[in-house]
Amino acid sequence: MARLVLAKYLIFIASLYSCLSDDDHEMEEFLKREYSLSKPYQAIGVSGSSHWELMGDTMVTTDHVRLTPDVQSKQGAVWSRIPCNLKDWELQVHFKIHGQGKKNLNGDGLAVWYTKERMQKGPVFGNKDFFTGLGVFVDTYPNEEKHIEAQKKRYTPRTQRIFPYVLAMVGNGTIGYDHERDGRPTELGGCNAMVRNLKHDTFLFIRYVRRRLTVMIDIDGQHEWRDCLDIPGVRLPQGYYFGASAITGDLSDNHDLISMKLYQLTVLRSKQEEDEEDEVTIPSVDNMELLIKYYDGEGMSSIAIFFTVLFSMLGLFLLIVVGLVVYSHWNESRRKRFY
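Residues numbered from 1 in each chain as written. Predicted model: local features only at pLDDT ≥ 70, side-chain atom pairs only at ≥ 80, totals over all residues. Heavy atoms only, no water.

S.K.: Where do I start with the overall build of the protein chain in this structure?
M.R.: Within the protein chain, the regular secondary structure consists of five helices and 17 strands. Taken across its 339 residues, the protein chain has 45% of its residues classed as buried. Taking the contacts inside the protein chain whose residues are at least 6 apart along the sequence as the reference set, 73% of them involve residues at least 24 apart. With the model as given, the accessible surface of the protein chain reaches about 18800 Å², and the carbon-plus-sulfur share is 56%. (Helix = DSSP H or I, 4+ residues; strand = E, 2+ residues; numbered from the N terminus. Buried < 20%, exposed > 50% of the residue type's maximum accessible area, 1.4 Å probe, protein only. Contact = heavy atoms within 4.5 Å. Areas by Shrake-Rupley, 256 points an atom, 1.4 Å probe, with all protein chains shown as cover.)

Here it is as structure tokens:
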């Protein structure tokens, strides 16, 4: 039985790399242990020789790194001590979120980071706001939906998101995470992910290659990756830190990190491609302003649209009336000059 399970797992890994291979460029993967976190968690947060550092309410057991317990008002994180200078990489995160709370009575979620800053507490899933770099969030509580329900409004089917929800955001140090809207204004893309209280393993896959960000999930226990988002034109500097964090508020969950495995991707580039790649110093996303405008416009309610159109028509009518009055006075004055 154990051999059968091992065989299936090896087939799964082989098929994963086959499916994720670059069609246009050769690519090799190498596990980078200095940026990876896995069992046994020897001397994490205790020894200065460890590559990882703990923060807040994080606790280490033999089976997992518990970022928060299922207790209110807790936050914790684990951060790499070594900046990552890889140009292309992929990160596989094995995690578990579980607790006593029923659906929509749990919170708040877990985040995986690649940022310039490290070891700073804050409101964004246990990390600081206005961060610089990449955040991938597993959000388990719908703040915006509850706020809209309290106002006796409803989402349209086009704009509603089902929680738990996975989304990505790139920050440059001046962009804040909108907690009340669950990050919708700055969301690059996302997908629903029913990850709570599952008996099987759950995984998050983050790949950054040739300035393309891809996020996939494996949460169904079938050893199959499901697409979540795929965004080209994502520009992330080298030399940032990997980390994971979680937070609870009035609602809570156990947020467990089992492993984070980072792979270096060796992508063969032509000399012309190497010469054309300029150094990235500030995180950015091509056409990010267009994405933000799209999400803001998409969230406009039908009532808001109605009043916008109504006031626009009234304004136009008033402008026409004023124009006619001015023209009438001017025409009358011109006529009198000829008498």
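We are not done yet, so read on.
S.K.: So what exactly am I meant to see when it comes to unusual backbone geometry here?
M.R.: Residue P40 is reached from K39 by a cis peptide bond, and omega for that bond is -15 degrees. The step from F163 to P164 runs through a cis peptide bond, and the omega angle for that step is 0 degrees. Within the secondary structure, P164 sits in the loop between α2 (143-150) and β9 (165-172). Residue S73 is not a glycine yet carries a positive backbone phi of 55 degrees. By secondary structure assignment, the location of S73 is in the loop between β4 (65-68) and β5 (75-80).

S.K.: I keep staring at the pairing of β5 and nothing clicks. Help me out?
M.R.: For a regular strand, the rule is simple: side chains alternate between the two faces of the sheet. Burial analysis of β5 places six of its six residues in the buried class, the great majority of the element. Here five bridges tie strand β2 (residues 52-56) to β5, and the two strands are oriented antiparallel to one another. Looking at β5, one finds that E53 is bridged to W79. Here β5 runs beside strand β15 (residues 241-247); their pairing, made up of five bridges, is antiparallel. Across the sheet, residue Q75 finds its bridge partner in β15, namely I247. (Pairing = 2+ DSSP bridges.)

S.K.: I tried to follow the sheet that holds strand β8 (residues 132-139) on my own but got confused; where do I start?
M.R.: The pairing of strands in a sheet comes from backbone hydrogen bonds and takes either a parallel or an antiparallel form. Judged by pairing direction, the sheet is antiparallel, and its seven strands sit side by side in the order β2-β5-β15-β7-β8-β9-β10 without closing on themselves. Lying at the two open borders of the sheet, with one neighbouring strand each, are β2 and β10 (189-192). Neighbour-to-neighbour, the strand axes of this sheet turn through a mean angle of 15 degrees, independent of strand direction. (Axes fitted to C-alpha atoms, helices over the stretch in contact; angles between N-to-C directions.)

S.K.: Where do I start with the nonpolar core in this structure?
M.R.: In summary, soluble globular proteins display a tendency toward joint burial of nonpolar side chains. Formed by 66 residues in total, the largest nonpolar core has its most connected members in W89, L134, F137, V166, L204 and I206. No other element matches β9, which puts six residues into this core. With sequence-adjacent residues up to four places away left out, L134 is seen in contact with W89, V112, W113, Y114, T115, A168, M169, V170, I206, L213 and L236. (Core = buried A, V, L, I, M, F, W, Y, C linked by side-chain atoms within 4.5 Å.)

S.K.: Got a minute to help me understand the pattern of salt bridges in this structure?
M.R.: When the charged atoms of two side chains lie near each other, side chains of opposite charge can form a pair. Within the structure shown, the criterion is met by 16 salt bridges. Where D278 meets R211, a salt bridge forms, and the shortest distance between an N and an O atom there is 3.3 Å. With a gap of 67 residues between them, D278 in the loop between α3 (271-276) and β17 (284-285) and R211 in the loop between β11 (202-209) and β12 (212-218) connect regions that are remote in the sequence. Judged by its relative accessible area of 47%, D278 is partly exposed. (Salt bridge = Lys/Arg side-chain N within 4 Å of Asp/Glu carboxyl O.)

S.K.: Is there a simple way to explain the side chain of N106 in this structure?
M.R.: Position of N106 relative to the elements: it lies in the loop between β6 (89-98) and β7 (109-115). By relative accessible area, N106 is classed as buried at 2%. Sequence-distant contacts of N106, that is, excluding residues within four places in its chain, are made with T140, Y141, R196, L251, S252 and D253.

S.K.: What is the right way to look at the packing of aromatic side chains in this model?
M.R.: Between two aromatic rings, the relevant description is the distance of the centres plus the angle of the planes. Summed over the entire model, instances satisfying the criterion amount to 14 aromatic pairs. Ring centres of F131 and F137 lie 6.5 Å apart, and the angle between their planes is 90 degrees; this geometry places the pair in the edge-to-face category. Comparing F131 with F137 shows no difference in burial state: the two are buried. Taken together through their ring pairs, the aromatic side chains of W89, Y114, Y208, Y240 and F242 make up a single cluster. The side chain of R118 reaches across the aromatic face of Y241, ending 5.5 Å from its centre. Over the ring of Y165 we find R161; its NZ or CZ atom is 4.8 Å from the centre of that ring. (Phe/Tyr/Trp six-rings, centres within 6.5 Å; stacked < 30°, edge-to-face > 60°. Lys NZ or Arg CZ within 6 Å of the ring centre and 35° of its normal.)

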